[in-house]
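Spelled out from the first residue to the last, the chains are:
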Amino acid sequence: VQLVESGGGLVQPGGSLRLSCAVSGFPFSDYPMSWYRQAPGKERELVATITSTGGSTDYSDSVKGRFTISRDNAKNTVYLQLNSLQPEDTAVYYCKVLWRLRPYWGQGTQVTVSS
């Protein structure tokens, strides 16, 4: 199982980024996917989840209305659109799948929001 995130970077407050997570090694279209983030000195927190078909999504209160999770099952990829970014969104962002009762994580992609 492999999960590879990309799309992070440095952005000014109010800016946007689109993160991608390309996956392989398991039947992607059968499993919900999640995005987490971990800021320096803080615990990893759940940001967004999406069902296997993409028909339902859920968000943490801190990102609701600003972030959008989506997926393309033909491309084995899950996305996270980050809008109206604020300095407190600075973190390493990870995608995750729970497969065969075991969590699998990507290596993470750094998002830094700063002027």
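A short tour of the structure in this document, coming up. Along each chain, residues carry numbers from 1 onward, in the same order as the chain's sequence is written. Under the rules for a predicted model, residues below a pLDDT of 70 receive no local features and side-chain atom pairs below 80 are neither given nor counted, while totals for whole chains, interfaces and linings still include all residues. Processing note: side-chain calculations cover all non-hydrogen atoms of the structure and skip hydrogens and water entirely.

Turning our eyes to something else, we now look at the state of the cysteines. Counting rule for disulfides: a pair of cysteine sulfur atoms within 2.5 Å. Under the criterion given, the structure shown has one disulfide. One disulfide in the model links C21 with C95; its S-S distance is 1.9 Å. Between C21 and C95, the S-S dihedral sits near 60°, and the bridge is therefore right-handed. Pair noted here: C21 is in strand 3 (residues 17-24) and C95 is in strand 9 (residues 91-99), with a separation of 74 residues, a long-range link. Only protein chains enter the area calculation, which uses a 1.4 Å probe; residues under 20% of their type maximum are buried, those over 50% are exposed, and those in between are partly exposed. Here C21 falls in the buried class, since its relative accessible area comes to 0%. Helix numbering and strand numbering both begin at the N terminus, where a helix is a DSSP run of H or I of at least 4 residues and a strand a DSSP run of E of at least 2.

For two strands to be treated as a pair, DSSP must find no fewer than two bridges joining them. As defined by bridge partners, strand 4 (residues 33-38) adjoins strand 5 (residues 45-50) across five bridges and the pair is classed as antiparallel. If you follow M33 over to strand 5, its bridge partner there is I50. Hairpin geometry of strand 4 and strand 5 is characterised by an intervening segment of six residues between the two adjacent antiparallel strands and by a positive phi of about 75° at G41. Bridging between strand 5 and strand 6 (residues 57-59) involves three bridges; their strand directions are antiparallel. Counterpart to T49 in the pairing with strand 6 is D58. Linkage of strand 5 to strand 6, two consecutive antiparallel strands, is achieved through a turn of six residues, within which G54 is found at a positive phi near 85°.

Here the focus is the environment of F26. Structurally, the position occupied by F26 is in the loop between strand 3 and strand 4. Once the C-alpha coordinates of F26 and V97 are considered, the two residues, 71 residues apart in sequence, prove to be 9.7 Å apart. Here, residues are in contact when the closest pair of their heavy atoms is within 4.5 Å. For F26, the contacting residues outside a window of four places in its chain are V1, Y31, M33, V97 and W99.

Now for the nonpolar core. Counting residues in each nonpolar core, the largest one holds 30 residues, and the members touching the most others are M33, W35, V78, L80 and Y93. Counting residues per element, the ones that place at least two in this core are strand 3, strand 4, strand 5, strand 7 (67-72), strand 8 (77-82), strand 9 and strand 11 (109-113). The biggest single contributor to this core is strand 9, with five residues. Those residues in contact with L80 that sit more than four places away from it in its chain are L17, R18, L19, W35, V47, A48, F67, T68, I69 and Y93. As used here, the term nonpolar core means buried Ala, Val, Leu, Ile, Met, Phe, Trp, Tyr and Cys residues forming a set that is joined through side-chain atoms within 4.5 Å.

Considering the arrangement of structural elements, one finds T90 in the loop between strand 8 and strand 9. For the purposes of these results, a polar contact is taken to be a pair of N or O atoms within 3.5 Å, where, inside protein, one atom must be able to donate a hydrogen and its partner to accept one; residues adjacent in sequence count only when each atom of the pair is a side-chain atom. Separated by 3.0 Å, the side chain of T90 and the backbone oxygen of P87 make a polar contact. The contacts of T90, once residues within four sequence positions are left out, are A39, P40, Q110, V111, T112 and V113.

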